[in-house]
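# Chains, contacts and geometry: an overview
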Amino acid sequence: MGIFFGGRSGEHEVSLLSARSIISNLDPSKYNLIEVGITREGKWLSGERVLDAFQKGATAHLQPVAMFPQAGDHHLYRLIDGQYHPQIHLDVVFPVLHGTFGEDGTLQGFLELIGIAYVGAGVLASSVGMDKGLFKSVLRSYEIPVLDHQLITRRQVEEDLEQAIRMIESALSYPIFVKPANLGSSVGITKCRNRSDLGEGLYEAARYDRRIVVEQGLERPREIEVSVLGNDQPVVSIPGEVVPGEDFYTYSAKYLSDSSELLIPAPLSDEQTREIQRIAVQTYRAIDCSGMARVDFLLDRQTERVYVSEVNTIPGFTQISMYPKLWEASGLPYTKLLDRLIELAFERKADRDRTEFHYRREE
Ligand SMILES: Nc1ncnc2c1ncn2[C@@H]1O[C@H](COP(=O)(O)OP(=O)(O)O)[C@@H](O)[C@H]1O
Ligand SMILES: [Mg+2]
């Protein structure tokens, strides 16, 4: 099995932490693990103790490797004297890559071309799950509750900021959240309380994406998260709650300080729990997700209404991350969870292989 980590996204480090936990929790008698580290520049490296090397920033002894998008060629090739040689045969890939170029369908598309089994969601769910704007539009079409939003392009911000602000202010009221459509870890997100915040927030988000989601904000909502696992018949964990140690769940609240708290299970009524679990599965199905996803909700303290906020198709996987912790608390230990994810990867591949890609005329 190939385990891929690192990557070109801003969540490179988080990916290394997730990979560390996954590697130490996989049953070593079951899997022959091949570590493939992807650098920030997008180079694939393999060899001895790849993860250690990436974490120490000492990768000089590693060798460049590659796969080629030829259907059925599952080899990892190693570059030797300027030529690629088939080295190791992989039967499944576990992409532990958060964000751009790993969680957004790009790597998934490449693995589809090769025709190899891989853990997690396919191309469609990965890309729709990554784009906060399109994701909300899809959910709205299923009448799944989401907060109102507007999609603004970088071009609109640069060409006529006043007009963009007028449009936003006529549709939404402060506080307003401005987010790059395709990022995670709260990077580039601003909570805006007034017009001047909004202008700054739009410029900030435009640094990170062409597409900017401007969303109706809630004042200190409760943040509830649920883990979903499966292909056509997904199962759902008990809900957990994040209590951010800052005004909202910012990058530093997530990774740099220990001020945020996780409550497992989330203190909710049975009815609220069931409602949230039902919506989580509905969301999973709406984007044709498979493998796994963490579905995040915002709960308005005043009205008690719940809204789906986002979905993460490769959620954080460290020992203290919500996704595996919710499964532990729901009776599925970390090692078993990994076994199940790998099984699901093979099941999805088998199902895909049943699909006919050519039209065969009946004689
Ligand atoms: N509409 C909103 N109202 C209130 N808080 C929000 C809203 N949108 C996002 N937040 C806060 O910002 C955090 C990050 O936003 P989110 O959409 O989850 O992006 P990311 O993919 O970076 O995690 C959330 O966990 C929450 O604390
Ligand atoms: Mg989030």
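### Brief notes about the pairing of strand 4 (residues 63-66)
One ladder, built from two bridges, connects strand 3 (residues 44-46) with strand 4; its direction is antiparallel. Bridged to Ser46 within strand 4 is Gln63. In this structure, strand 4 lies alongside strand 5 (residues 75-80), joined through two bridges in antiparallel fashion. In the strand pairing of strand 5, Val65 is matched with Arg78.

### Overview of the domain arrangement of the protein
Split into domains, the protein comes out as domain 1 (2-118), domain 2 (148-216) and domain 3 (222-352). Using C-alpha coordinates to define each centre, domain 1 is positioned 25 Å away from domain 3. If you look at the interface, domain 1 gives 17 residues, while domain 3 gives 15 residues. The leading source of residues in the side of domain 1 that touches domain 3 is helix 1 (residues 12-25), at six residues.

### Regarding the sheet that holds strand 10 (residues 176-180)
Read across the sheet, four strands follow the order 9-12-10-11 without closing on themselves; strand pairing throughout is antiparallel. One side of each edge strand has no neighbouring strand; the edge strands of this open sheet are strand 9 (149-153) and strand 11 (190-192). Taking each pair of neighbouring strands and ignoring which way they run, the sheet shows an average axis angle of 25°. Judged from the five bridges that link them, strand 10 and strand 12 (residues 211-216) form a sheet pairing that is antiparallel. Note that in strand 12 the partner of Ile176 across the bridge is Gln216. Those strands touched by helix 7 (residues 161-171) are strand 9, strand 10 and strand 12, and its axis lies near 175° from that of strand 9.

### Regarding helix 11 (residues 322-329)
Counting buried residues along helix 11, six of its eight residues qualify, which places the element largely inside the surrounding structure. Three or more residues of helix 11 are buried, namely Met322, Tyr323, Pro324, Lys325, Leu326 and Trp327. Contacts made by the buried residues of helix 11 are with strand 13 (222-230), strand 15 (240-243), strand 16 (261-263), strand 17 (291-299) and helix 12 (334-354).

### Some thoughts on the nonpolar core
Core analysis: the biggest nonpolar cluster contains 65 residues, and Phe4, Val96, Val228, Val295 and Phe297 have the highest contact counts within it. With six residues, strand 17 is the largest single contributor of residues to this core. Once residues within four sequence positions are removed from consideration, Phe4 is found in contact with Val36, Ile38, Val93, Phe94, Pro95, Val96 and Leu97.

### A closer look at the packing of helix 7 against helix 8 (residues 195-208)
Helix-helix packing is characterised by the crossing angle of the two axes and by the distance between the axes. For the pair helix 7 and helix 8, interaxial distance at closest approach is 11 Å and the crossing angle is 120°. Here helix 8 runs oblique to helix 7, going by the angle between their axes. As for the relative orientation of helix 7 and helix 8, their crossing is right-handed in sense. Facing helix 7, whose interface residues are Leu161, Ala164, Ile165 and Ile168, helix 8 presents Arg195, Leu198, Gly199 and Leu202. Among the residues making up the contact of helix 7 with helix 8, the classes are represented as six nonpolar, one polar and one charged.

### Description of unusual backbone geometry
Going from Tyr174 to Pro175, the amide bond is cis rather than trans, its omega being 0°. The residue Pro175 is located in the loop between helix 7 and strand 10 in this model. Of the consecutive residues Ile264 and Pro265, the connecting peptide bond is found in the cis state with omega at -5°. Of note, Pro265 is situated in the loop between strand 16 and helix 10 (270-286). A positive phi angle, near 45°, is found at Arg220, a position not held by glycine. The residue Arg220 is located in the loop between strand 12 and strand 13 in this model. By C-beta crowding, Arg220 is classed as exposed, having 12 other C-beta atoms within 10 Å. Although it is not a glycine, Asp288 sits at a positive phi angle of roughly 55°.

### Re the pairing of strand 17
With nine of its nine residues buried, strand 17 lies for the most part within the structure. Looking at chain direction, strand 13 and strand 17 are connected through nine bridges and run antiparallel. In the sheet register, Ser227 faces strand 17, and the bridge partner there is Arg294. One ladder, built from six bridges, connects strand 17 with strand 18 (residues 306-312); its direction is antiparallel. By the bridge assignment, Arg294 is partnered in strand 18 with Asn312. Remark: six residues form the turn of the hairpin made by strand 17 and strand 18, two consecutive strands paired antiparallel; Glu304 in that turn has positive phi of roughly 65°.

### Let's talk about the site of ligand 1
Within the structure, ligand 1 sits among 20 residues, and Gly184, Gly217, Leu218, Phe248 and Tyr249 are positioned closest to it. Of all elements in the fold, only strand 10, strand 12, strand 17 and strand 18 reach the threshold of two or more residues within the shell around ligand 1. When the residues that make up the shell around ligand 1 are grouped by side-chain class, the tally is nine nonpolar, six polar and five charged. When residues of the shell around ligand 1 are assigned to domains, at least three fall in each of domain 2 (148-216) and domain 3 (222-352).

### Brief notes about the sheet that holds strand 5
Strand order in the open sheet formed by eight strands is 6-5-4-3-2-1-7-8, and the pairing between neighbours is mixed. In this open sheet, the two edge strands, each paired with only one partner strand, are strand 6 (83-89) and strand 8 (117-118). Note that strand 1 (residues 2-6) and strand 7 (residues 92-96) share four bridges and pair parallel. By the bridge assignment, Gly2 is partnered in strand 7 with Val93.

About the cut-offs
- Residues numbered from 1 in each chain as written.
- Chains lettered and ligands numbered in written order.
- Predicted model: local features only at pLDDT ≥ 70, side-chain atom pairs only at ≥ 80, totals over all residues.
- Pairing = 2+ DSSP bridges.
- Helix = DSSP H or I, 4+ residues; strand = E, 2+ residues; numbered from the N terminus.
- Domains from an automatic or database assignment.
- Contact = placed C-beta atoms within 7 Å.
- Axes fitted to C-alpha atoms, helices over the stretch in contact; angles between N-to-C directions.
- Buried ≥ 20, exposed ≤ 12 C-beta atoms within 10 Å, placed from the backbone.
- Core = buried A, V, L, I, M, F, W, Y, C linked by C-beta atoms within 7 Å.
- Parallel < 35°, antiparallel > 145°, perpendicular 65-115°, else oblique.
- Left-handed = near helix turned anticlockwise from the far one by under 90°.
- Nonpolar A, V, L, I, M, F, W, Y, C, P; charged D, E, K, R; others polar.
- Near = placed C-beta within 6 Å.

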